[in-house]
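Results of the structural survey
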Amino acid sequence: MTPSVRLQEMIRVIRSARTQGEERGIIQKECADIRAQFRQSDNGERSHSLAKLLYVHMLGYPAHFGQMECVRLIASPRYSEKRIGYLGAMMLLDEKQDASLLITNSIKNDLSHSSQYVQSLALCTLACMGSAEMCRDLAPEIERLLRASNSYIKKKATLCAVHIIRKVPELAELFTPSARSLLSEKNHGVLHGAVVLITELCEHNPDTLDQFRKAVPELVQIMKGLVTSSYSPEHNVAGISDPFLQVRILRLLRILGHNNDTASDAMNDLLAQVATNTDSSKTAGSAVLYETVLTIMDINSESGLRVLAVNILGRFLLNNDRNIRYISMTSLQKIVQSDHNAVQRHRGTIVDCLKDQDTSVKRRALELSLALVSAVNIRSMMKELLIFLSTCPPELRSQTTSGIFNAAERYSPSKRWHIDTILHVLTTAGGDVRDETVPNLIQLITTASELHCYTVHKLYRALVKDISQQPLVQVACWCIGEYGDLLLKGECEEIEPVQVTEDDVLDALETVLQSHMSSPATRGFALTATMKLSTRITDNVDRIRSIVSIYGSCIDLELQQRAVEYNALFKKYDHMRAAVLERMPVMDKNSPGHTNGDTSGENKEPDPSKPKPVEAGLLSEPASQVCDLLDLLGGTDTPLQPNPGPNSTPTTTSSADLLDLLGGLDVQLQMKAPSGNVIPAHGLGQVTQTVVLNNPNKASLPCLFLCSCLSH
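Residues numbered from 1 in each chain as written. Predicted model: local features only at pLDDT ≥ 70, side-chain atom pairs only at ≥ 80, totals over all residues. Heavy atoms only, no water.

1. Overview of the overall build of the protein chain
Tallying secondary structure elements over the protein chain gives 36 helices and four strands in all. Counting only residues that meet the buried cut, the protein chain has 50% of its 712 residues in that class. Of the contacts formed within the protein chain by residues at least 6 apart in sequence, a portion of 68% connects residues at least 24 apart. A total of about 34,300 Å² of accessible surface is found on the protein chain, and carbon and sulfur atoms cover 50% of it. (Helix = DSSP H or I, 4+ residues; strand = E, 2+ residues; numbered from the N terminus. Buried < 20%, exposed > 50% of the residue type's maximum accessible area, 1.4 Å probe, protein only. Contact = heavy atoms within 4.5 Å. Areas by Shrake-Rupley, 256 points an atom, 1.4 Å probe, with all protein chains shown as cover.)

2. Looking at the confidence of the model for the protein chain
Of the residues in the protein chain, 82% reach a pLDDT of 70 or more, and the chain-wide mean stands at 79. The least confident element of the protein chain, judged by mean pLDDT, is helix α36 (residues 703–711) at 38; the most confident is helix α30 (residues 520–532) at 91. Segment residues 591–663: pLDDT under 50, and 126 contacts once partners within four positions in sequence are set aside and those in other chains are kept. Of the regions scoring below 50 in pLDDT, residues 702–712 engages in 15 contacts with residues more than four places distant in sequence or in other chains. (pLDDT = per-residue confidence, 0-100.)

3. Some details on unusual backbone geometry
At Asp 242, a position not held by glycine, the phi torsion is positive, near 50 degrees. In the Ramachandran plot, Asn 259 falls in the positive-phi region, its phi being about 55 degrees despite a non-glycine side chain. Within the secondary structure layout, Asn 259 lies in the loop between α15 (243–257) and α16 (261–277).

4. Regarding the packing of helix α25 (residues 415–429) against helix α26 (residues 437–447)
Packing of α25 against α26 leaves a shortest axis separation of 10 Å and a crossing angle of 150 degrees. The orientation of α25 relative to α26 falls into the category roughly antiparallel. Crossing of α25 over α26 shows left-handed handedness. Contacts between α25 and α26 involve Lys 415, His 418, Ile 419, Ile 422, Leu 423 and Leu 426 from the first element and Thr 437, Leu 441, Leu 444, Ile 445 and Thr 447 from the second. Each residue belonging to the contact of α25 with α26 can be placed in one class, and the counts come to seven nonpolar, three polar and one charged. (Axes fitted to C-alpha atoms, helices over the stretch in contact; angles between N-to-C directions. Parallel < 35°, antiparallel > 145°, perpendicular 65-115°, else oblique. Left-handed = near helix turned anticlockwise from the far one by under 90°. Nonpolar A, V, L, I, M, F, W, Y, C, P; charged D, E, K, R; others polar.)

5. Considerations on a negative patch on the surface
A grouping of Asp 261, Asp 265, Asp 269 and Glu 302 is seen on the molecular surface, where their side chains present a negatively charged patch. As for its position among the elements, Asp 269 is in helix α16. Since its relative accessible area comes to 61%, Asp 269 is described here as exposed. (Patch = residues over 30% accessible without salt bridge, like charges linked within 9 Å, V, L, I, M, F, W, Y side chains within 5 Å. Salt bridge = Lys/Arg side-chain N within 4 Å of Asp/Glu carboxyl O. Lys, Arg positive; Asp, Glu negative; His and termini not counted. Charge placed at Lys NZ, Arg CZ, Asp CG, Glu CD.)

Okay, here's the thing in structure tokens:
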């Protein structure tokens, strides 16, 4: 390859290379020839050499050694060399390069050149790579050219002014007067550039925004001309007159009409006309309609106009183009809160988008479907969401389950429906639910006392069928431990009962304990459920004692601690076992530590003027709430370490000294949960706790015991 080879020949040779190594060899040889040409005196080949170097740069190879050659060619008096020099500057130079400062004077001189084409080269280069320093130096020249009589130069200068404002926002005031006058131009390019420039000025300066609101009627007239009389036929795209200019004007109107009634009223009729007369069957028409919808929703528009905008987005949902469907749902998501009823009319179409093959469209359809759930449509919408959950991609399951839980929490028509819905989700995608799902469902079950029998039967069947869904297994174990007696009775009006024996229930719990799929937390639920069944069955207590004793030497410390404490209940405190393992009381939804999925709330201090109601009967409370008060009596060497499970049984050995105060009397003591877990400083509040004493024989109590209770 000789140094005089032309650009076309070099491109042909490079493209004919069969391997990347061969291509690199050709490029290296040609770059060496280009360097040699640059070192020689002016022989008319310098511009051709730089052109070849620019092609090499486009292929991704180093071409920095041509930067100074760009500076030399820009200063050349010949147009052919200036053109290549300016092109090289736009490609090889940026504001970080010192060489860019060397062309500032050449650009300034060329901005005053007699040829409009040389002026155009300088304007394009400054608009492409001008640094902040260059913009400050050349801004007056650009402002002068904005008032030129040549439309070709005025168009280039307008776009260059946009670049200057973005680089140096404080120079915006320099171009404001000229920008206003540009709206009267008839040339398409100048008018398009003027709208872009005014948009940039309004976004950077709120004071300028007030000035240009006076131009709304003029913009409306320009837009009407585009819609009705084919303002610029040569810029017609698929039957839409100049859609690029229409989109730019609509964006500017959106900015000018935002939070301004006067400007909004001036453009309402125009927006209605555009929304009604624009053909949406072509992409260009869809682009104009989409910008129209955004403008309607962002200004103080009339209610009927907003409904029209939502209907346009509804038609977009039926479009075969997935991109159009996607942007339609994105827009509907933004306005669903303010125009909920209007969006509801398109609920069926939105739900159908859940079946789309594209994951991005599915995600948008899911978000919008969840936003449309209400008390009126909760049943129908939940059916669709549960169907979607069974087939949705793995990356959407967590979002789907969370959305279903939140919707069911807010709009559930009944507790049974609520429980069935959550159990269905746990059965389908239990591994993708949030951590707080288990305690939330347990709280819901405890409050639905009339459904305890129905729930325990349904959960037992689910447990026997599948133990891989850990949250479902945990809730099932909890319910079996609490309501196992209802399960063994085999009587249930809401569901077809199943005859279950004590051995069947214990076999199911042992399967959970021994399964490799069970997490330590799940085994804790199962062990506690097994222990609770010791007071609900009659013939298999010895088997339960054997199961519990096995885990007394478990490698897992949590299970080991539970098993040791439960063994102590069987041996040393067997007379207390029935009372300790009674059913859990109804959990207060707003109790400390229960978020119900809402982490945004703040803990509130209890109102001392409203004493906490006492549940009837002798109900045991979690040890985590009574351990601190029991410890006030002292006398125990080992601090109480409550179990973290939702139905944890209190450690009875920690209160042994308190119980010993009763002196062997036939007395039962229960300490209720305290009213709070924080005592305000400086005596500004109080925490109360109720002690329930069952003394059937009316025996006299020791004074020390009474004093200890009063001290609480």
